[in-house]
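Structural overview for review
Each chain is listed here by its residues.
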Amino acid sequence: MNYYALTYKTADNYLEERPKYRAEHLKLATEFVEKGYLVLGGAMENPTDEALLIFKAESDKIAISFAENDPYVKNGLVKLWSVRKWNVVVNSFEK
């Protein structure tokens with residue numbers, strides 16, 4: 001398994017618009033967590049202009065699928081996103 005970092009650059013109105021889509025976004029995130037793909041996720045703070053989600057999967061297709069189906073992306077709260085393989089050297093998730 002590999003790790004993939006999905007990064008979001010959020011729109012200027014992200015904080016104001018987020019409540020409209022938050023439940024749907026969290027439902028999607030929970031589905032990916034339950035399937036074992038989404039490891040961590042959340043928005044950066046001060047300023048809240050980016051978000052980071054970490055996926056564990058065989059390929060980047062899982063993280064891409066998440067972004068393409070995320071209501072934040074679909075409704076313009078995210079102005080730019082990207083997925084990159086993350087070569088993890090040490091971690092406390094796997095012993």
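Refer to the structure printed above.
A quick note: this is a predicted structure, and the numbers were derived from the prediction, not measured.

Mapped onto the fold, K61 is located in helix α2 (residues 61-69). The exposure class of K61 is exposed, given its relative accessible area of 61%. Counting along the chain gives 22 residues from K61 to V83, while the straight-line C-alpha distance between them is 9.2 Å.

With that out of the way, let us pick up the packing of helix α1 (residues 14-34) against α2. Two numbers describe how α1 lies on α2: the axes approach to 11 Å, and their chain directions differ by 165 degrees. Taken together, α1 and α2 sit at an angle that is classed as roughly antiparallel. Between α1 and α2 lies a crossing whose hand is right-handed. In this structure, α1 contributes H25, L28, A29 and F32 to the contact, and α2 contributes I62, S65, F66 and N69. For the contact of α1 with α2, the residue count by class is five nonpolar, three polar and no charged.

Turning our attention to the pattern of salt bridges. Throughout the structure, instances matching the rule amount to three salt bridges. With a shortest N-O distance of 3.2 Å, K9 and E50 are connected by a salt bridge. Taken together, the positions of K9 in strand β1 (residues 2-10) and E50 in strand β3 (residues 50-57) put the pair 41 residues apart, joining distant regions of the chain. A relative accessible area of 28% means that E50 is categorised as partly exposed. E31 is paired through a salt bridge with K27; the nearest N and O atoms lie 3.1 Å apart. With E31 and K27 both in helix α1, this residue pair falls four residues apart, about one helical turn. The class for K27 is exposed, based on a relative accessible area of 54%.

Conventions used here
- Residues numbered from 1 in each chain as written.
- Predicted model: local features only at pLDDT ≥ 70, side-chain atom pairs only at ≥ 80, totals over all residues.
- Heavy atoms only, no water.
- Helix = DSSP H or I, 4+ residues; strand = E, 2+ residues; numbered from the N terminus.
- Buried < 20%, exposed > 50% of the residue type's maximum accessible area, 1.4 Å probe, protein only.
- Axes fitted to C-alpha atoms, helices over the stretch in contact; angles between N-to-C directions.
- Parallel < 35°, antiparallel > 145°, perpendicular 65-115°, else oblique.
- Left-handed = near helix turned anticlockwise from the far one by under 90°.
- Contact = heavy atoms within 4.5 Å.
- Nonpolar A, V, L, I, M, F, W, Y, C, P; charged D, E, K, R; others polar.
- Salt bridge = Lys/Arg side-chain N within 4 Å of Asp/Glu carboxyl O.

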